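Tertiary structure, described
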Amino acid sequence: MTKDELKSEILRHLAFSFGKDAAHAQTRDWRMALSLAIRDRVVTPWFESTRKTYEGRHKRVYYLSMEFLIGRLLQDAIVNLGLDDAAREACLELGLSYDQVLADEPDAALGNGGLGRLAACFLDSLSTLGIPAYGYGIRYEHGLFRQSFHEGRQVEQAEDWLSQPHPWEFERPEVCYGVGFYGTVREGEDGAHWDAGDMVVAKAYDTPIIGWQGRWANTLRLWSAQSRTQFDLARFNEGQFAGAAEPEALARTISRVLYPNDSTPQGKELRLKQEYFFTAASLADILRRYHSEYTDIRALPKHVAIQLNDTHPAIAGPELVRILHDEHWVELDDAIEIARGTLNYTNHTLLPEALESWHEGLMRHLLPRHMRLIEQIDDWHARTSKGRKMSTIDHGQVKMGELSFVLANKVNGVSALHTDLMKKTVFSELHTLHPDRILNQTNGITPRRWLRTCNPTLSALITDTIGSGWEDDLDRLEDLEAHVGDAGFRAAFAEAKHANKARLANRIRAIRGVSIDPDAMFDIQVKRIHEYKRQLMNVLEVIALWDAIRRNPGKDWTPRVKIFGGKAAPGYHTAKEIVHLINDVARVVNADEDVAGRLTVVFPPNYNVTMAERLVPAADLSQQISTAGKEASGTGNMKFALNGALTIGTLDGANVEIRERVGDDNFFLFGMTADEVVERRAVPDHAAEAIAASPELARAIEHIERGSFGPGEPDRHRHLANLLRHHDYFLVCSDFASYWKVSREVDEAYRDRDRWTRMAALNTARSGWFSSDRTIRGYAEEIWGATPAI
Ligand code: CR1
């Protein structure tokens, strides 16, 4: 498609899809028109992909996920279709700023963090590889909350991405399924019947997901909840206006908001309803498609692979057994085997508070038939697995991890270390019973969005150096290694990084009013705020550094800009206190003339995918400092390394594999290992001991206690200081000395800019393995038995 064709398509949509005259069109109108012009180009490959899938009778992959953190879609589609030059020029000729048009798109935040973003990267790779696949999830009216700061404290507002039409989706009013809840189970001669007490309707919305170079497109199908009963005109006419609308409002509650918690689910009925709602609708849809092609329900595992993204869709197990047994008359044991042959489960966390479990009573009340089947599945497992009774139901709780495991063909972890710990801890018993079931698939990121699109400067340099083709064959970045010894290449690499930093500095000045120097080290920690991720340790380092600079102002300190970004779950008190402390510290440090130009702290509110796309290319240093054993994988760590940032990190999650690949000389390692963490926790007074041994840490904590960051309110952050001294579960104190020491080595390393650039370039050259294309190939071969259809 040429620039002129695109231009006329934009004008056509402006007039005929939106009824706008170019003379009166606003940025929004232009963005919508461009989106539809681009979307038109997606539709043909999309249809073509569906046709090929049916014709080739290919196995289909279904990725069930409560979260898809997709972010913006317009530029992604443009880049994948190779239309970036055409789109930029077309906009220019229409008198528009291309960047401004792109920036008008809301960020679709239908996810909390890593788990949801991984699902989005997987969709991109599935399409790029041409594997026939559907993503299934919920079309939340309100995605993850919008974060702002009021006097340093986090304030949450409802996010509203659907307040304007969403140009990427197709509403499918004809694709809808009833989803039942509550009611009773009748045991008759002919088996069990579930008479649901209540029913809502799940309606489909489809978004095509186009792969690299438009070769293939899959579908993301999201469900919206609707009332089954019609608007109650009689009630309305009686004057009960609100009452007449009530059934609709109640039903819609199910797809109203994304559960805003990251890693700490609470037993809430609505959440369980959401889980069953989207799982049941997805399974009904999967089976409808199956029956349109195949007659033998027993062959389901041959043609269908379902991946459960964490335990959120774990009810898929009992639901599939229910359908097979109650509706298709398959013997119970066979039904269980067929379900198990079809389902697979990915575990994303070992944090005990994040392992889902539901009160047996709630489960029986909401899903009576499923609760009965869960008991039978438990019995079946006991019968078939060396006579051992498993603990799917334990102390009146249904444990969804165990249930998912028992009904899965394969169970996978998301990094080598995490998978190993899964075998040794949460699933040790089940692993002993089923030693072949657990396998590892280390996470990955899509290089289209996380290098090609977000970092055009570095991408151009890479293409100039090794040619194109690396975008869907990221191992080719290895070819860069031969150029790292070349001073000209290094200079160009450093220049690309500097340009990205200057761009970010301009934005931060414009938006936050803070001036930062692009020559300073940009040191970035962006992710959800959580104690295990240890933003608190990072801010302690800021305090200690501020204190050290003030004590020794004559020293030639390496200038640093500390950038934080991330949201705290609304109910997670300590995380919110950490947000508050970072903001308070930023205010004090940034106002201090003594450290000006050497240390600056920036915490832009409302971190999201779009912000990540700006920060990642501009980072020098990536903070991956979780307590070893706690971060299942991390994926931000991969994005930064790929874009030429050096990591300061612990041996946790995928950091281990990043370090192995980029080389230990090009990675700043500190801290205890997962085993040492366990030992250390057993030491009485470990925190007191560590504080006594580190004067920097001691002074930093004393500053907090003295109220250095709580003007007029010295006790403001005392709780955090107490936590550090007396309840330091995540071992911030015990790892601090090592962190501080290595961070000073980072300062030193940054002073030799050419050496730094060499290390940074090696990070890029050696990060190709972290492409989600590699991850998806692994899933396809080792879990799904699916092959590309192109
Ligand atoms: C993990 O915390 C991992 C992502 C994706 C998160 C993170 O380390 O990279 O999953 N887990 O696998 C999670 O959100 C609910 O669990």
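Residues numbered from 1 in each chain as written. Predicted model: local features only at pLDDT ≥ 70, side-chain atom pairs only at ≥ 80, totals over all residues. Heavy atoms only, no water.

**A word on the nonpolar core**
Among soluble globular proteins, nonpolar side chains are generally buried collectively. The condition is simple: Nine residue types can take part in a nonpolar core, namely buried Ala, Val, Leu, Ile, Met, Phe, Trp, Tyr and Cys, and a core is a set of them joined through side-chain atoms within 4.5 Å. Relative accessibility under 20% of the residue-type maximum defines a buried residue, over 50% an exposed one, and the middle range a partly exposed one, all with a 1.4 Å probe and only protein chains included. Helix and strand labels come from DSSP, where a helix needs a run of H or I of at least four residues and a strand needs a run of E of at least two; each type is numbered from the N terminus. Domain ranges listed in this record stem from an automatic or a database domain assignment. Residues count as neighbours in contact if any of their non-hydrogen atoms are within 4.5 Å of one another.
Leu34, Ile38, Phe181, Trp223, Phe277, Met363 and Trp784 are the most contacted members of the largest nonpolar core, which totals 190 residues. Among the elements that line this core, the one with the most residues is helix H9 (residues 269-293), at ten residues. Residue contributions to this core reach at least three from each of two domains, namely domain 1 (3-98 + 116-140 + 168-227 + 259-443 + 776-784) and domain 2 (519-752). Other than its neighbours up to four places away in sequence, methionine 363 contacts Leu272, Ile315, Trp358, Pro368, Met371, Ile374, Val398 and Met400. Within the second largest apolar cluster, 61 residues are counted, among which are Ala544, Trp546, Ala548 and Val585.

**Things to note about the domain arrangement of the protein chain**
Accessible area lost upon the coming together of the parts is a frequently used measure of interface size. The following threshold applies: The term buried area refers to how much accessible surface (probe radius 1.4 Å) is lost by two components on association, counted for both of them together. When a carboxyl oxygen of Asp or Glu lies within 4 Å of a side-chain nitrogen of Lys or Arg, that pair is called a salt bridge.
Looking at the assigned domains, one finds that the protein chain contains domain 1 (3-98 + 116-140 + 168-227 + 259-443 + 776-784) and domain 2 (519-752). Taken over C-alpha atoms, the centre of domain 1 sits 35 Å from the centre of domain 2. Every contact between the two is made by 23 residues of domain 1 and, on the other side, 22 residues of domain 2. Both sides of the domain 1 and domain 2 interface together cover about 1,700 Å² of buried area, and 62% of this is carbon and sulfur. Counting the contacts that link domain 1 with domain 2 gives zero salt bridges.

**Quick look at the side chain of threonine 574**
Relative to the helices and strands, threonine 574 is located in helix H22 (residues 573-591). Leaving out residues up to four positions away in the same chain, threonine 574 has contacts with Glu531, His719, Leu720 and Leu723.

**Observations concerning the packing of aromatic side chains**
Inclusion rule: Stacked, tilted and edge-to-face pairs are distinguished by plane angle, under 30 degrees for stacked and over 60 for edge-to-face with tilted covering the rest, among Phe, Tyr and Trp rings (Trp via its six-membered ring) whose centres lie within 6.5 Å. Over a ring means this: the NZ of a Lys or the CZ of an Arg is within 6 Å of the ring centre and within 35 degrees of the ring normal.
One pass over the structure, following the stated rule, counts 29 aromatic pairs. Geometrically, the ring pair formed by tyrosine 345 and phenylalanine 427 is edge-to-face, given 6.2 Å between the ring centres and 85 degrees between the ring planes. Of this pair, tyrosine 345 sits in strand S13 (residues 343-346) while phenylalanine 427 sits in the loop between helix H16 (416-424) and helix H17 (428-433), placing them 82 residues apart in sequence. Taken as a pair, tyrosine 345 and phenylalanine 427 share a single burial class, namely buried. Following the ring pairs from residue to residue traces out a cluster consisting of Tyr62, Tyr134, Tyr136, Tyr177 and Trp223. Arginine 60 extends its terminal NZ or CZ atom over the ring of tyrosine 54, reaching a point 4.6 Å from the ring centre. Above the face of the tyrosine 729 ring, arginine 681 is positioned so that its terminal group lies 3.8 Å from the ring centre.

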